[in-house]
Amino acid sequence: MALWAQMTPQLQYLPTQTLNELYPDTFPLDVRHYLANWIEEQRWESFDVDNMEQEPQARMLLDQMVHLLQEVAQQNPNVVERVKLQHISKNLSVFQPQPMLLVRTVRDILRKERHLLAQTGIGFPPFQSMPMGPPAPNGTPQPVRDDSKTDVDNLVLKVLEIQNCRQTLHQLQEDLNWEKQETEPMQGQNDMDPHHQDQVTRQNRIKQLEYNYAICAKKRVQLLQEAMCALEQCQSCLILRIKSWRWEQHRATIGVHFDDNLGPLQTWCEQLLGVNGNLRQELMLVKRDHGAGEQFQTLEENLACLLQTLVQNSLVVDKQPPQVIKTQSKFSTTVRHLLGEKMAPGKPVVLKAQIITEAQARNLGQGIVPNENVGELINSTAILEHNTASKSTCATFRNMSIRKIKRADRKGSESVTEEKFALLFTTEMTITGCESPYGIQTISLPVVVIVHGSQEINAMATIIWDCAFSEPNRIPFVVPDRVPWKQMCEALSSKFMSEVQTQRGLDRYNLHFLAQKIFDQPDISEDFSNMPVSWAQFNKEVLPGRNFTFWQWFEGVMDLTKKCLRDYWSDGLIFGFIGKQHLHVILQNKPNGTFLLRFSDSELGGITIAYVGPTDNGGRKVQNIQPFTKKDLDSAGLGDRIRDINCITYVYPDLSKNEVFKKFFTVPSPPNPDGYLPFKLTTVVNPGDHSSTPSIPPQTDLPPDFYNQSIDPVYGNMNQNRFSPHPSNCTPTYMPDHMSVPGPIFQSSMPPAPSDEPIDMDALEGILSSF
């Protein structure tokens, strides 16, 4: 009662529409008012509304509610209120076929009341904790949204109202027929006849029944039209949610969180299919009772159109094929039908797959079915099979393969690794209760087809660009040629965390260096956030002085980190992406032997140790040890190599390497039982080699915190500025907004890498295809 006591004063301030939505016709405000105490004492939240085993308890609550309402009606001295409550108690019978709907209705009303009180600043502790959803960006858990269930429940209640109205009409018609039958023998009686009064009474009753029948028939048609509109709105929400699920699946390629559970969407589809079937049945009965009018014909056409749209959108690619596919290689994919349990029994449903070009994918939106075969697929058919345990109906292509592919004419310098295809899945099926079959289709995410493993990295660049920067509901498979750097930051950090399987992303120092590298502006300390980066800069143009592109270099770092350095990176022991100027400044005041780990910018998939060493004249200089590759680290781990190198002692800023890296040290092997002596590989560095940088110059006039103002041990807990989904500024805080940047403090003595002739991948593919 306490909740209703706080809610009652607020009712006068609520808009009429809000009140109508809060207390529907099936559960009017009067029930909430007169049974407030009893309603709040029941454990509505303890019900699992999808568990039919609890239906007897729900029906018991319904019976109690009807009985209490009838008692309240009998005790009410106001005749109008008494009749009204008795009428309401009879209308509660609408819940008899599905008593769990009553539970859901009352539970939702109580939740909405609490929500309204919270909005008005009146706190009311929940009597049971509500399920919480994922945390908001600020970390606050959010209540689970159940809008779809509420919409479907309201839709089901409307259908129940229509059925109840039909039953009422049937009862009125029977009563009317009976009264007319009883009145016929009395025709022609004298007004003075004592039975004349009975005849008048019966005629009045017939007029009342005919009036009630007309009103109920009008309400029946009105409810049918309202249910049609509600079904259309609810189905539109469902289709948008299916599209959203596909979009989230697309974005998952770059590591964005994706919930692949299709169960709720399948339930939603099945419920709408059931509602559509019930409405079609009710419409047929209306046409039988009132004739096939124009408005009924329009309703019938709309229902058929909604059904076709629902069936066509219920086919989804549950498990996508690999987005880079090599010819002559096996791959798998799974297609799921969300209305699989409603398929007509008998003939098995066979799904056919074919590969289509980007142009053909665009034509699908215009209803043009591709007739040209651009590729030969092996094992391109599968049967839709129902899995009782998972309640899913899927067609799994387990050993599919592309035997050959037909390329389209390329534009300009476009490479074969930039050409996008897709898999088109088609079938024809009949839904239970429907006469004619439906032709349905769906396509996969874009794929790039390659003929040699050397094309894989460039092909993946095409996919990353497509997944990161395409727009929802785009024309297949259009992508922008340029994007702001801040969007690139999101994609790179998200992909790095996903690929490496780590919770530590790229911090602002890493991202700033990456911007300097891709824009070839190593001396710029300004904000790159809104500077446009092009596809050519990402993976067509080689980096200055190198024979590889930005993506090829970045992918090499990810691969090395994933396979050899995940734990080092996750523990914050690797500084990572850092420019040599920044490196020189943060080490310039450190003692000899201080070192840090950075990714090599001259070698693909390499990590190097930069450390402070002595010069011949007693000064200090920064030296870089030759980068370690995956092959090097497979023979001896990074921890063991750091332990073996005597000229490095303290990891930046001043922590003992033996303490920080001790968990990565390998325990010496015991003697072999066969008498052989064990051996180990030891890393030796000769500080006298010429691979060092110039000596550290005297302290410049730069501010003391120009580069390292917020770097704490180890490497400033580099997780503290972890990648944010919506960075507002990618400029390191150590860089002032307006500052004349001096020339490079550090000039590398390393000669530039030899520039090999670029490989003509088109020619290579032609040669390989000839075999």
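Quantities reported herein were computed from a predicted structural model and do not represent experimental measurements.

Next up on the list: the overall build of the protein chain. Each helix and strand counted, the protein chain has 22 helices and 21 strands in total. Taken across its 771 residues, the protein chain has 46% of its residues classed as buried. Looking at the protein chain alone, contacts between residues at least 24 apart form 70% of all its contacts between residues at least 6 apart. By element, 51% of the accessible surface of the protein chain is carried by carbon and sulfur atoms, the whole surface being about 39,800 Å².

Attention now goes to the environment of G579. Checked against the element boundaries, G579 lands in the loop between α17 (550-570) and α18 (580-587). In the structure, G579 is positioned 66 residues away from F513 in sequence and 5.9 Å away in space, judged by C-alpha atoms.

Taken in spatial order, the four strands make up an open sheet running β8-β6-β11-β12, and their pairing is antiparallel. Among the strands making up the open sheet, the edge pair consists of β8 (381-383) and β12 (438-443). Neighbour-to-neighbour, the strand axes of the sheet open up by a mean angle of 25 degrees, direction not taken into account. Pairing of strand β6 (residues 350-357) with strand β11 (residues 421-429), which is carried by six bridges, proceeds in the antiparallel orientation. Along β11, the bridge assignment pairs T357 with F421.

Segments scoring low in pLDDT should not have their predicted coordinates read at a detailed level. Per-residue confidence for the protein chain gives a mean pLDDT of 82, with 83% of residues at or over 70. Here residues 690-694 scores under 50 on pLDDT; set against residues more than four positions off or in separate chains, the count is 16 contacts.

An ideal rise of 1.5 Å per residue puts 22 Å on 16 residues; helix α14 (residues 485-500) measures up with 22 Å between its terminal C-alpha atoms. Among the residues of α14, W485, M488, C489, A491, L492, S493, S494, K495, F496, M497 and V500 are the ones counted as buried. Buried residues along α14 sit in contact with α13 (456-469), β14 (482-484), α15 (508-518), β15 (532-534), α16 (535-539) and α17. Where α14 terminates, the next one or two residues include Q501, which has phi positive at roughly 65 degrees.

A negative phi angle characterises most non-glycine residues, just as the trans form characterises most peptide bonds. Geometrically, the link from P476 to F477 is a cis peptide bond, its omega value of -15 degrees lying close to zero. Within the element layout of this structure, F477 appears in the loop between α13 and β14.

With that settled, consider the packing of helix α5 (residues 55-75) against helix α6 (residues 79-91). Across the interface, α5 lies against α6 with an axial gap of 8 Å and an inter-helix angle of 170 degrees. Taken together, the axes of α5 and α6 lie roughly antiparallel to each other. Taken as a pair, α5 and α6 cross one another with a handedness that is left-handed. The residues of α6 that touch α5, namely those facing V66, L69, Q70, V72 and A73, are R82, L85, Q86, I88 and S89. Taken together, the residues of the contact of α5 with α6 sort by class into six nonpolar, three polar and one charged.

In this structure, M7, W44, M65, L272, L279 and F397 are the most contacted members of the largest nonpolar core, which totals 103 residues. Examining the composition of this core, we find that 10 residues originate from one element, helix α9 (residues 196-251), more than from any other. Among residues more than four places away in sequence, those in contact with L272 are V152, L155, L231, C234, Q235, L238 and L310. L543, V557, I648 and F661 belong to the second-largest nonpolar core, a separate cluster that totals 65 residues.

With that out of the way, let us pick up the packing of aromatic side chains. Overall, the coordinates contain 26 aromatic pairs when judged by the stated rule. Between Y568 and F664, the ring centres sit 4.0 Å apart and the planes meet at 20 degrees, which makes this aromatic pair stacked. Placement of the pair is Y568 in helix α17 and F664 in the loop between α21 (657-660) and β21 (692-695), with a sequence separation of 96 residues. Both residues of the pair, Y568 and F664, count as buried. Here R504 stacks its cationic end above the ring of W569, 3.6 Å away from the centre of that ring. If you follow K517 out to its NZ or CZ, it ends over the ring of W553, 4.6 Å from the centre.

This paragraph deals with the side chain of K420. Looking at where K420 falls in the secondary structure, it is placed in the loop between β10 (392-405) and β11. The exposure class assigned to K420 is buried, which follows from its relative accessible area of 7%. Beyond its immediate stretch of four places on either side in the chain, K420 contacts T357, E358, P446, V447, V448, T462, D466, F477 and V479.

A few words on the pattern of salt bridges. If you walk through the whole model with that rule in mind, you get 32 salt bridges. Across the pair R104 and D153 runs a salt bridge, and its minimum N-O distance is 2.6 Å. Note that R104 is positioned in helix α7 (residues 99-119) and D153 in helix α8 (residues 147-183), a separation of 49 residues in sequence. Taken as a pair, R104 and D153 share a single burial class, namely buried. In this structure, K663 and D571 form a salt bridge, with 2.6 Å as the shortest nitrogen-oxygen distance. Linking K663 in the loop between α21 and β21 with D571 in the loop between α17 and α18, this pair joins segments that are 92 residues apart in sequence. The exposure class of K663 is exposed, given its relative accessible area of 59%. Among the ionic contacts, a cluster of salt bridges with common partners joins R32, E40 and E113.

Attention shifts here to helix α11 (residues 294-312). For α11, which comprises 19 residues, the first-to-last C-alpha distance of 27 Å matches the rise-based estimate of 27 Å (1.5 Å per residue) to within 8%. Every buried residue belonging to α11 is among F296, L299, L303, L306, L307, L310 and V311, and all of these are buried. On an axial view of α11, the arc spanned by its buried residues comes to 130 degrees, and they lie on one face.

What follows covers the packing of α15 against α17. At their nearest, the axes of α15 and α17 sit 12 Å apart, and the two run at 155 degrees to each other. Comparing their axes, α17 and α15 come out roughly antiparallel. As for the relative orientation of α15 and α17, their crossing is right-handed in sense. Judged by residue contacts, N510, F513, L514, K517 and I518 of α15 engage F550, W553, F554 and W569 from α17. Its residues assigned to classes, the contact of α15 with α17 shows seven nonpolar, one polar and one charged.

The next thing to look at is the environment of L315. The topology assignment puts L315 in strand β3 (residues 315-319). Overall, L315 belongs to the buried group, its relative accessible area being 0%. Through-space distance from the C-alpha of L315 to that of T426 is 9.3 Å; in sequence the pair is 111 residues apart. Not counting residues within four places of it along the chain, the set of residues in contact with L315 comprises R246, V335, R336, H337, F425, I440, Q441 and T442.

Below, the discussion takes up the pairing of strand β16 (residues 594-599). Most of β16 is tucked away: six of the six residues are buried. Burial of the side chains of β16 extends over both faces: T594, L596 and R598 are buried on one face and F595, L597 and F599 on the other. Summarising the sheet, β16 and strand β19 (residues 650-651) pair through two bridges and their orientation is parallel. Bridge pairing in β19 links T594 to Y650.

Note that L110 resides in helix α7. Here the alpha-carbon distance between L110 and W4, two residues 106 residues apart in the chain, equals 9.3 Å.

Conventions adopted
Residues numbered from 1 in each chain as written. Predicted model: local features only at pLDDT ≥ 70, side-chain atom pairs only at ≥ 80, totals over all residues. Heavy atoms only, no water. Helix = DSSP H or I, 4+ residues; strand = E, 2+ residues; numbered from the N terminus. Buried < 20%, exposed > 50% of the residue type's maximum accessible area, 1.4 Å probe, protein only. Contact = heavy atoms within 4.5 Å. Areas by Shrake-Rupley, 256 points an atom, 1.4 Å probe, with all protein chains shown as cover. Pairing = 2+ DSSP bridges. Axes fitted to C-alpha atoms, helices over the stretch in contact; angles between N-to-C directions. pLDDT = per-residue confidence, 0-100. Expected span 1.5 Å × (residues − 1). Parallel < 35°, antiparallel > 145°, perpendicular 65-115°, else oblique. Left-handed = near helix turned anticlockwise from the far one by under 90°. Nonpolar A, V, L, I, M, F, W, Y, C, P; charged D, E, K, R; others polar. Core = buried A, V, L, I, M, F, W, Y, C linked by side-chain atoms within 4.5 Å. Phe/Tyr/Trp six-rings, centres within 6.5 Å; stacked < 30°, edge-to-face > 60°. Lys NZ or Arg CZ within 6 Å of the ring centre and 35° of its normal. Salt bridge = Lys/Arg side-chain N within 4 Å of Asp/Glu carboxyl O. Arc of directions from axis to C-beta.

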